[in-house]
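# A look at the structure
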Amino acid sequence: MEGLVDINALQNLLKDPDAVDSSDDELDTGAQKPAITPGTIGASKKKINKNPNARVEKDPNEIWDECEVEDKPMVDLNDPRPQPEYDLNYSQSVTAEDMFLQMGYKNQSTSCCENLVLRIWLDVKSAAEIHLDVKPQLVDCMTKNHRLSLPLPHPVDDQKCKAKFDVDTGLLTLTLALNREYEFLNQA
């Protein structure tokens with residue numbers, strides 16, 4: 001008889017108190033709800049509301065919340081200056097092992113590239129006439145006659161970027177170090 005009492009006690013412990021069960025043998029309404037359930041184990045998790053009186057109204061026509069939208073840099077479309085000629089290429093640091101022995105992880109795809117090389121042809125005579133701003137998602141290059149606001153296809157590490165200006169040709173070469181989130185997957 002003790003085994004049956006233990007099984008009934010275990011059954012009462014595991015059953016959902018709010019669930020409606022249609023079995024006839026459990027119609028006893030005088031049974032107490034179990035004090036300990038799997039949900040009561042561990043620390044209780046309570047939502048903390050900093051201001052209980054504040055009520056956030058949500059527009060039913062909005063697609064996303066503000067926290068779901070990434071903060072992307074905006075390109076100034078009202079600037080009347082034309083864009084200079086430019087090109088954007090990927091670059092790899094290749095060693096002899098990669099070329100001849102093919103022992104490295106690199107291949108010819110863009111996923112194995114470390115840098116973006118941006119070449120901009122400008123009509124200036126010195127580097128002092130160029131205003132350059134490199135952000136993780138945007139390159140902004142301005143002179144008195146041209147402006148290039150270029151959103152980048154991949155995030156870059158703006159602290160590891162290099163710039164080189166050739167006075168004779170007016171070519172500004174930017175080497176932008178890529179900052180990819182899953183770069184470790186390319187090194188397998």
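Each chain has its residues counted from 1, following the order in which its sequence is written. Reporting in this predicted model follows two pLDDT cut-offs: at least 70 for local features of residues, and 80 or more for side-chain atom pairs to be given and counted; totals over whole chains, interfaces and linings ignore these cut-offs and use all residues. In computing side-chain properties, one takes all heavy atoms of the structure into account and sets aside hydrogens as well as water.

## Concerning the overall build of the protein chain
Which entries qualify depends on this criterion: Strands are runs of DSSP state E lasting at least two residues, helices are runs of H or I lasting at least four, and both sets are numbered from the N terminus onward. Three labels apply to residues, based on accessible area from a 1.4 Å probe with only protein chains included: buried if under 20% of the type maximum, exposed if over 50%, partly exposed otherwise in between. Here a residue-residue contact requires only that any non-hydrogen atoms of the pair lie within 4.5 Å.
Scanning the protein chain from terminus to terminus reveals two helices and seven strands. Mapped from its N terminus to its C terminus, the protein chain presents α and β elements in the order α-β-α-β-β-β-β-β-β. Counting all 188 residues of the protein chain, 21% fall into the buried class. Of the contacts formed within the protein chain by residues at least 6 apart in sequence, a portion of 54% connects residues at least 24 apart.

## Regarding the nonpolar core
Soluble globular proteins: nonpolar side chains tend toward being buried together. Convention followed: Side-chain atoms within 4.5 Å are what join buried Ala, Val, Leu, Ile, Met, Phe, Trp, Tyr and Cys residues into a set we call a nonpolar core.
Ile120, Leu172 and Leu176 are the most contacted members of the largest nonpolar core, which has 18 residues in total. The set of elements that each furnish at least two residues to this core consists of strand S2 (115-121), strand S4 (138-142), strand S5 (147-151) and strand S7 (171-177). With residues near it in sequence (within four places) discarded, leucine 172 still touches Leu118, Arg119, Ile120, Leu122, Ile130, Leu132, Cys141, Ala163, Lys164 and Phe165.

## Things to note about the pattern of salt bridges
Rule in force here: One side-chain nitrogen of Lys or Arg within 4 Å of one carboxyl oxygen of Asp or Glu is enough to make a salt bridge.
Tallied over the full model, the rule gives four salt bridges. Aspartate 133 is the partner of lysine 135 in a salt bridge, and the nearest nitrogen-oxygen pair spans 3.8 Å. For aspartate 133, a relative accessible area of 29% corresponds to the partly exposed category. One salt bridge connects arginine 147 with aspartate 140, and the closest N-O pair in it is separated by 2.7 Å. Arginine 147 gets classed as buried once you look at its relative accessible area, which sits at 15%.

Interpretation note: all reported values are geometric properties and have no functional meaning in isolation.
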